[in-house]
Amino acid sequence: VQLQASGGGLVQAGTSLRLSCAASGFYSMGWFRRAPGKEREIVAAITRSGTSTYYVDSVKGRFTISRDNAKNTVYLQMNSLKPEDTAVYYCAARRGSGLGYQADQYNYWGQGTQVTVSS
């Protein structure tokens, strides 16, 4: 399984970015991030059908996870970005059908894309 994440960059606080993750198959997906000096944390997750989603509290109301199953692509729309959102963002896929809330529930990982939010 290949996962290709893209869309990261350097932006100012309050602006938006959209991350994309193209998968070579059909899976439940998640976005994780690892900030400098911190542990990896889940940001958002979505089921195969797209009908169920999950968000960590710190991004609720600002980030939206979605998917286009015709393109096998998952998106993370990030609005109202804050400096504390600065991290390497990873997409991940899991063979299970439901939402995955922890890293060990995912089987495949993309290479990561850097998001830097300046104040």
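What this report covers is the structure whose coordinates are included nearby. (Residues numbered from 1 in each chain as written. Predicted model: local features only at pLDDT ≥ 70, side-chain atom pairs only at ≥ 80, totals over all residues. Heavy atoms only, no water.)

1. A word on the pairing of strand β7 (residues 63–68)
Within a regular strand, side chains alternate between the sheet's two faces.
Here is step 1 of the chain: Residues Phe63, Ile65 and Arg67 line the buried face of β7, whereas the alternating positions Thr64, Ser66 and Asp68 sit on a face that is not buried.
Here is step 2 of the chain: One ladder, built from six bridges, connects β7 with strand β8 (residues 73–78); its direction is antiparallel. Among the inter-strand pairings, Asp68 is bridged to a residue of β8, identified as Thr73.
Here is step 3 of the chain: Taking the residues between adjacent antiparallel strands as the criterion, β7 and β8 are bridged by four residues, where Asn72 takes a positive phi near 50 degrees. (Buried < 20%, exposed > 50% of the residue type's maximum accessible area, 1.4 Å probe, protein only. Helix = DSSP H or I, 4+ residues; strand = E, 2+ residues; numbered from the N terminus. Pairing = 2+ DSSP bridges.)

2. Considerations on the side chain of Asp85
Here is step 1 of the chain: Position of Asp85 relative to the elements: it lies in the loop between β8 and β9 (87–94).
Here is step 2 of the chain: On the accessibility criterion, Asp85 (1% relative accessible area) is buried.
Here is step 3 of the chain: Only 2.7 Å separates the side chain of Asp85 from the side chain of Arg62, close enough to count as a polar contact.
Here is step 4 of the chain: Contacts of Asp85, omitting those with residues within four sequence positions, involve Arg33, Arg62, Phe63, Ser80, Val115 and Val117. (Polar contact = N/O pair within 3.5 Å; in protein donor to acceptor, adjacent residues only side chain to side chain. Contact = heavy atoms within 4.5 Å.)

3. Let's talk about the nonpolar core
Here is step 1 of the chain: In this structure, Met29, Trp31, Leu76, Met78 and Tyr89 are the most contacted members of the largest nonpolar core, which totals 29 residues.
Here is step 2 of the chain: Residue assignment for this core shows that the elements contributing at least two residues are β1 (3–6), β3 (17–23), β4 (28–34), β5 (41–46), β7, β8, β9 and β11 (113–118).
Here is step 3 of the chain: In this view, Tyr89 contacts Leu19, Trp31, Phe32, Arg33, Val43, Phe63, Leu76, Met78, Gly112, Thr113 and Val115; residues no more than four positions away in its chain are not counted.
Here is step 4 of the chain: Phe32, Ala45, Leu99 and Tyr106 belong to the second largest nonpolar core, which has six residues in total. (Core = buried A, V, L, I, M, F, W, Y, C linked by side-chain atoms within 4.5 Å.)

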